[in-house]
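Here are the chains, one letter per residue:
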Amino acid sequence: MSGGPERRDDARFAGANARVAFVIKALVGRAGGAEKVLCNAANALADAGARVTIYHGDEPGRPFFALRSSIDVISVRPKDRPIRAAAPSGAAALGPGGRLSARHRFPRSLLTWWREHAWWIAALRRFLRAARPDVVIAFQPSATTDTLIAAAGTGIPVVVSL
């Protein structure tokens, strides 16, 4: 045991022909830092010969930042699932007396969490099982837990990027 990072000699991760899936909850039309990093990483992997797919939970569309034409961008949102307005953040999330509003209190019940995330986990799992990427990279905390659950038992490694 060397104590260092485990080395993977698996040919699936050799760059050319690797199938890489990115997962992010919201991407279409967003110009934030995480979206920019995701698009830059996806472009770099595509330039190296990887087959890149980005799965997101928005309505179908393209991201704000440019992507290579070889990169597939797929919405896993069912057509009948409405987009919920984003929760306020920062000072806007505070109620009277500086307390967090009910929507921001933790811990939320597991049942409430599951009701809000089950559609995304199920849809993502269907896409991952069909596509069988060599690796999945989950972007932002809003996608990490859901991606880990969706990929459980598939044998697909998941990299978490916060």
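Every value quoted in this text rests on a predicted model; they were computed, and no experiment measured them.

It is worth spelling out the pattern of salt bridges at this point. Applying the stated rule across the entire model yields three salt bridges. Lys25 is the salt-bridge partner of Asp146, the closest N and O atoms lying 3.2 Å from each other. A residue pair is termed long-range when its members are at least 10 positions apart, and Asp146 in helix α3 (residues 141-151) and Lys25 in the loop between β1 (19-24) and α1 (33-47) qualify at 121 residues. On the accessibility criterion, Asp146 (1% relative accessible area) is buried. Measuring nitrogen to oxygen at the nearest pair gives 2.9 Å for the salt bridge that ties Arg68 to Asp47. One end of the pair, Arg68, is in the loop between β2 (51-56) and β3 (72-75); the other, Asp47, is in helix α1, and 21 residues separate them in sequence. Here Arg68 falls in the partly exposed class, since its relative accessible area comes to 35%. A residue is classified by how much of its surface remains accessible, and Asp47, at 52% relative accessible area, is exposed.

Cut-off values and rules
Numbering of residues starts from 1 in every chain and runs along the sequence as written. Under the rules for a predicted model, residues below a pLDDT of 70 receive no local features and side-chain atom pairs below 80 are neither given nor counted, while totals for whole chains, interfaces and linings still include all residues. Water and hydrogen atoms were dropped before computing side-chain values, which therefore reflect all heavy atoms in the structure. In what follows, salt bridge is the name for a side-chain nitrogen of Lys or Arg lying within 4 Å of a carboxyl oxygen of Asp or Glu. By definition, any uninterrupted DSSP run of H or I lasting at least four residues is a helix, any uninterrupted run of E lasting at least two residues is a strand, and each is numbered from the N terminus. Relative accessibility thresholds used throughout: buried, under 20% of the residue-type maximum; exposed, over 50%; partly exposed, between the two (1.4 Å probe, protein chains only).

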